[in-house]
Amino acid sequence: MTDVVVTLSNEVGQIARQGLAEVQQVTSLTRMLAINAQIEAARAGEHGRGFAIVAQEVGRVSDTIQQITTRLGSDLDTKLAKLDHVGKTLGTETRGTRLADLALNMIEIIDRNLYERSCDVRWWATDSAVVAALASEDGAVRNEASRRMGVILDAYTVYLDLWIADASGKVVACGRPGKYPGALGRSVRGVPWFEKAMATRDGSEFCVDDITHNDVFDSTVATYSAAIRENGSSNGRVLGALGVFFDWHSQSQAVVKGLRLADGERESTRALLLDARGRVIASSDDRGVLSEQFDLRSDQRKSGFYTDRTGRLIGYALTPGYETYKGLGWWGVITQPESVSVSDPATADLKISLSRAA
């Protein structure tokens, strides 16, 4: 609606200036006619004296009208400039608030999604087939664990794979050995998700790694992990770790590209997810993922907007967390150029009305 206000201000200004210009043209013509009338009255001598008085009055009236139109033009320019400034300021505030809200919506969707992942990994780490795969070195037992994880993956399509690693860091079972043959036998010793899981205090804890590119899947993943404990007990001896690999690329793209934007707005809008260090971990234009560092100026605020040095309008929101999931300090960010062409039926209707009025 603020775009409509600015459009209306510009259209009214154009109509008013055109009207004043036409009045000035008529006034100039009237003044010339008055001068010509005075000349003719002077030639007529005594017989034209009365007509000369009328001509003088017409000239004075035209001068007065000229002064009025000049003053009106000056006042109109001042008021329209203020109205234009107010309209643009209001428009920036409205757009900025909307972008911040959209950014918050993005990060909330991610938070809710990842909260579920934190629940999944703790639950599946206690599954009897998963525990049995580390309690025994029997190949049939570990094959059963792989089969069981395959069933889970068929139901939870947001995952690429599930891995069971023993205490030495060797992957002894996975959910998709046929699709990802590079997983089995792989050593994850020293890898953050494994080391963190092995160091957890009890079964209520989980770990999450930064978004990384995993060579086995040739894709970016969000990795959640939990310790696999003896007998599936929360306080049991740690036997190894379960790693679950969330299909970050597909799921995050659905979020950053699924924004509800107006016609003409999408091409100029860039939606981003940033990690706590400001690194781009998802981008609606597929640029800069895991390589671009975004200079976000939040000024210690959890949500807001600002215009940067290049004129971009930037809306942002910090992860609020969800339920027991506190979030990872990630940000949702949306950027747009200073002005965006948006198809608005109300604006079109106004232009038609103004055109008819002119």
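It should be noted that the structure appears before, not after, this text.
Predicted model, so just to flag it, every value in this text is computed and none were measured.

Cut-offs used in this document
- Residues numbered from 1 in each chain as written.
- Predicted model: local features only at pLDDT ≥ 70, side-chain atom pairs only at ≥ 80, totals over all residues.
- Heavy atoms only, no water.
- Helix = DSSP H or I, 4+ residues; strand = E, 2+ residues; numbered from the N terminus.
- Buried < 20%, exposed > 50% of the residue type's maximum accessible area, 1.4 Å probe, protein only.
- Contact = heavy atoms within 4.5 Å.
- Areas by Shrake-Rupley, 256 points an atom, 1.4 Å probe, with all protein chains shown as cover.
- Pairing = 2+ DSSP bridges.
- Phe/Tyr/Trp six-rings, centres within 6.5 Å; stacked < 30°, edge-to-face > 60°.

Trainee: Just checking my understanding: could you explain the overall build of the protein for this structure?
Mentor: Per the secondary structure count, the protein includes seven helices and 11 strands. The 358 residues of the protein split such that 43% are buried. For the protein, the proportion of contacts with a sequence separation of at least 24, taken over those separated by at least 6, is 61%. A total accessible area of about 19,000 Å² is found for the protein, and carbon and sulfur atoms account for 52% of it.

Trainee: Explain the pairing of strand β7 (residues 270–274) here, please?
Mentor: On any regular strand, side chains alternate: one points to one face of the sheet, the next to the other face. A large share of β7 lies buried, amounting to five of its five residues. In β7, alternate side chains face the same way, and those of Arg270, Leu272 and Leu274 on one face and Ala271 and Leu273 on the other are all buried. Pairing analysis gives five bridges linking β7 to strand β11 (residues 331–336), with the strands arranged antiparallel. Of the residues in β11, the one forming a bridge with alanine 271 is isoleucine 334. Both β7 and strand β8 (residues 280–283) contribute to a ladder of three bridges, which runs antiparallel. Looking at β8, one finds that leucine 272 is bridged to serine 283. In sequence, β7 turns back onto β8 through a hairpin of five residues, with glycine 278 there showing a positive phi of about 85 degrees.

Trainee: Even after reading the chapter, I still don't get the packing of aromatic side chains, so can you show me in this structure?
Mentor: Here a ring pair, both rings aromatic, is described through the centre-centre distance and the interplanar angle of the planes. In this structure the tally under the stated criterion is 18 aromatic pairs. Residues tyrosine 159 and phenylalanine 246 carry aromatic rings whose centres are separated by 6.4 Å and whose planes lie at 75 degrees to one another, so their mutual orientation is edge-to-face. Taken as a pair, tyrosine 159 in strand β1 (residues 159–166) and phenylalanine 246 in strand β6 (residues 238–247) lie far apart in primary sequence, 87 residues in all. Classification of tyrosine 159 as buried rests on a relative accessible area of 2%. Owing to a relative accessible area of 2%, phenylalanine 246 belongs among the buried residues under this scheme. Summarising the aromatic geometry, the rings of tryptophan 193 and phenylalanine 194 are spaced 6.3 Å apart at their centres and angled 90 degrees between planes, so their arrangement reads as edge-to-face.

Just distances and angles here, no functional claims.
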